[in-house]
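# Remarks on the overall topology
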Amino acid sequence: MDPAEQFRLERTSAIEAYGRNEEFRTISAEWRAKSMAERYVYNFDWLGRPIIQYPQDIQAIQELVWTTRPDLIIETGIAHGGSLILSASLLALLDMCDAIEAGVSFDPREAKRKVVGVDIDIRAHNRAAIEKHPMATRIEMIQGSSIDAEVIESVKALAMGHERVMVCLDSMHTHDHVLAELEAYAPLVTRGCYCVVFDTFVEELSPGFFGDRAWDVGNNPMTAVHAYTAMHPEFSIDRTMANKLMVTVAPDGFLKRL
């Protein structure tokens, strides 16, 4: 057997086994809960901007972008902008690899591949830092509620002309809000690409874990994902990624358009 194929099969087998390993899954869930209580997720930057994500989930986005090769990534929730910079830099790498393979030169400041970020409140200092970043020419920001009709229409207009679209939802985490986001943005996802719904893990925490937040067990992104996928068979929950990561804020949150 080809060594590369043997390695792939061994890795696939290990990942499938993780999904059945209750001890490993329990330890991972306990560590995730403890690390979230300790605000561990706030400790990381991507190219100089704070990115409030686990390193495992950052890796997951990299793998999905490389595999599906989108030319547009739509994100709800901006915060400090680290996730926007991550997406923009991954798209820039795709452009660079395309240019190397084609043997051509390109202007890295001008590219078809873009990122659209939506947030109800883009803080002035965060906007300024994002606009000063070298990746800024690839980023378009929209301020407003992600489920506001005018905002949705603006995003749809920006999506026109793009051939491969990925969506990442990470704003308000209540069931109704996420379900409305899915109804608005998931249809923009291209066949074979992903809609990634973050913070589905709330459903797996103890009730009241986040104190006075509007979301909780029974009212969170995972419940919205399950409601949406029950009505939309064109999307399948890809559990391979969550099994691979073991520690992720997005169990059942990697939705692949079939």
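To be clear, the structure that these remarks concern was listed above.
Quick notes on the rules
- Residues numbered from 1 in each chain as written.
- Predicted model: local features only at pLDDT ≥ 70, side-chain atom pairs only at ≥ 80, totals over all residues.
- Heavy atoms only, no water.
- Salt bridge = Lys/Arg side-chain N within 4 Å of Asp/Glu carboxyl O.
- Helix = DSSP H or I, 4+ residues; strand = E, 2+ residues; numbered from the N terminus.
- Buried < 20%, exposed > 50% of the residue type's maximum accessible area, 1.4 Å probe, protein only.
- Lys, Arg positive; Asp, Glu negative; His and termini not counted.
- Contact = heavy atoms within 4.5 Å.
- 1 Å grid on protein atoms, 1.4 Å probe; cavity = no way out; pocket = protein on both sides within 12 Å on 5 of 7 lines; lining within 4 Å.
- Points joined across faces, edges and corners; volume = space filled by probe spheres on them.
- Nonpolar A, V, L, I, M, F, W, Y, C, P; charged D, E, K, R; others polar.
- Expected span 1.5 Å × (residues − 1).
- Core = buried A, V, L, I, M, F, W, Y, C linked by side-chain atoms within 4.5 Å.
- Disulfide = S-S within 2.5 Å.
- Pairing = 2+ DSSP bridges.

One pass over the full model with this rule turns up 15 salt bridges. With a shortest N-O distance of 3.9 Å, E153 and K156 are connected by a salt bridge. Residue E153 and its partner K156 are both found in helix 6 (residues 149-159); the two are separated by three residues, about one turn of the helix.

The next subject is the side chain of E181. Here E181 is to be found in helix 7 (residues 175-185). Lacking a salt bridge, the buried E181 has K156 as its closest oppositely charged neighbour, with an N-O distance of 14 Å. Contact partners of E181, with chain neighbours within four places excluded, come to T76, S146, I147, L169, S171 and A186.

With that out of the way, let us pick up the layout of surface pockets. The calculated volume of the largest pocket comes to roughly 1,300 Å³. Lining the largest pocket are 49 residues, with I52, A79, D170, S171 and H173 positioned closest to its centre. Elements that contribute at least two residues to the lining of the largest pocket include exactly helix 2 (22-37), helix 3 (55-68), strand 3 (72-76), helix 4 (82-102), strand 4 (114-119) and helix 5 (124-132). Ranked by residues supplied to the lining of the largest pocket, first place goes to helix 4 with four residues. Of the residues in the lining of the largest pocket, the class split is 24 nonpolar, 16 polar and nine charged.

Because each turn of an α-helix spans 3.6 residues, side chains separated by three or four positions end up pointing in the same direction. Taking 1.5 Å per residue as the helical rise, helix 4 with its 21 residues ought to reach 30 Å, and the 30 Å between its terminal C-alpha atoms agrees with that figure. A positive backbone phi angle near 70° is found at G103, which sits one or two residues after helix 4.

Okay, empty space enclosed by the protein next. Across all of its chains, the model carries one cavity of 30 Å³ or more by this definition. Size it by volume and the largest cavity reaches roughly 40 Å³. Lining the largest cavity are V202, L205, S206, G208, F209, F210, G211, R213, W215 and D216. Taken together, the residues of the lining of the largest cavity sort by class into five nonpolar, three polar and two charged.

Before going further, it helps to spend a moment on the nonpolar core. If you look at the biggest cluster of nonpolar residues, it comprises 40 residues, and the most contacted ones within it are I61, V65, I139, M166, V196 and F254. Of all the secondary-structure elements, those providing two or more residues to this core are helix 3, helix 4, strand 5 (139-143), strand 6 (165-169), strand 7 (194-197) and helix 9 (239-245). Per-element accounting of this core gives the leading share, eight residues, to helix 4. In this structure M166 touches I61, L64, V65, P70, L72, I73, I74, Y194 and V196, once residues within four positions along its chain are discounted. Residues I74, I142, L182 and V189 belong to the second largest nonpolar core, which totals 28 residues.

This part takes up the environment of T190. Positionally, T190 belongs in the loop between helix 7 and strand 7. In this structure the C-alpha to C-alpha distance between T190 and A60, which are 130 residues apart in sequence, comes to 18 Å. Setting aside anything within four residues of it in sequence, one finds T190 in contact with E163, R164, V165 and R257.

The final tally for this structure, using the stated rule, is zero disulfides. Here C195 is not cross-linked by a disulfide; its sulfur's nearest cysteine counterpart is in C168, at 7.7 Å. In this structure C195 comes out as buried when scored by relative accessible area, which is 0%.

It is worth spelling out the pairing of strand 9 (residues 254-257) at this point. Pairing of strand 7 with strand 9 involves three bridges; the strand directions are antiparallel. Note on strand 9: the bridge partner recorded for V196 is F254. As paired strands, strand 8 (residues 235-237) and strand 9 are joined by three bridges and run antiparallel to one another. By the bridge assignment for strand 9, F235 is matched with R257.

Turning our eyes to something else, we now look at unusual backbone geometry. Positive phi values are uncommon outside glycine, yet R39 reaches one of about 60°. When you line up the elements, R39 lands in the loop between helix 2 and strand 1 (45-46). Looking at R39, the relative accessible area reads 48%, which means it is partly exposed. A positive phi angle is found at M246, which is not glycine, with a value near 65°. Considering the arrangement of structural elements, one finds M246 in the loop between helix 9 and strand 9.

Honestly, that's just the spatial picture; any functional story needs more than this.
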